[in-house]
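Coordinate analysis (summary)
Here are the chains, one letter per residue:
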Amino acid sequence: LIPLLRYLPALFGLMKQGEKITQGTFEPYMNGPLFVVRDPWLRNWLDALAFSLSGLPASRTSAAAMAYVLYDMHRPGAALDYPRG
């Protein structure tokens, strides 16, 4: 439990934003009204990332799961590893 304490500020920040960001799908962040991703490469990358998480396209994947993974991938010192073989 102690190692998780460093994530409390980020959790409280998400909780302040309310249900909109923590519930539902990633659809409002892909196709509006919050954001619209128009770049085909970025749409394909988000879909591939979502598929690796849930087996669904990004627009049908949990917004909370996508937010966590995107945050985790872009934190200082993060690296994306692929298996050799």
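The rules behind each value
- Residues numbered from 1 in each chain as written.
- Predicted model: local features only at pLDDT ≥ 70, side-chain atom pairs only at ≥ 80, totals over all residues.
- Heavy atoms only, no water.
- Helix = DSSP H or I, 4+ residues; strand = E, 2+ residues; numbered from the N terminus.
- Polar contact = N/O pair within 3.5 Å; in protein donor to acceptor, adjacent residues only side chain to side chain.
- Contact = heavy atoms within 4.5 Å.
- Buried < 20%, exposed > 50% of the residue type's maximum accessible area, 1.4 Å probe, protein only.
- Phe/Tyr/Trp six-rings, centres within 6.5 Å; stacked < 30°, edge-to-face > 60°.
- pLDDT = per-residue confidence, 0-100.
- Expected span 1.5 Å × (residues − 1).
- Arc of directions from axis to C-beta.

1. Overview of the side chain of Thr61
Tracing the sequence through the fold places Thr61 in the loop between helix 4 (40-54) and helix 5 (63-73). Side-chain polar atoms of Thr61 contact the backbone oxygen of Pro57, separated by 2.9 Å. Those residues within four positions of Thr61 in sequence are excluded, and the remaining contacts are Gly24, Thr25, Phe26, Ala50, Ser54, Leu56 and Met66.

2. Remarks on the side chain of Ser59
Along the polypeptide, Ser59 turns up in the loop between helix 4 and helix 5. On the basis of relative accessibility, which here comes to 18%, the residue Ser59 falls in the buried class. Excluding anything up to four places from it in sequence, Ser59 contacts Thr25, Phe26, Glu27, Met30, Asn31 and Asp47.

3. Focus on the packing of aromatic side chains
Using the criterion set out here, one finds three aromatic pairs in the structure. Linked through ring pairs, Phe26, Tyr29 and Phe35 together constitute an aromatic cluster.

4. A closer look at the confidence of the model for the protein
Mean pLDDT for the protein: 82, with 91% of residues reaching 70 or above. Taken element by element, the predicted model of the protein shows its lowest mean pLDDT in helix 2 (residues 19-22) (64) and its highest in helix 4 (91).

5. Observations concerning helix 4
Compared with the 21 Å implied by 1.5 Å per residue over 15 residues, the 21 Å span of helix 4 between its first and last C-alpha is a close match. For helix 4, the complete set of buried residues consists of Leu46, Leu49 and Ala50. One side of helix 4 carries all its buried residues, which in axial view fall inside an arc of 100°. Across from the buried face of helix 4, at angles greater than 90 degrees, the exposed residues are Pro40, Trp41, Asn44, Phe51 and Ser52. Buried positions along helix 4 lie against helix 3 (27-30) and helix 5. Here helix 4 starts with a cap whose side-chain oxygen sits 3.1 Å from the backbone nitrogen of Trp41, and that cap is Asp39. Gly55 sits one or two residues past helix 4 and shows a positive phi near 80°.

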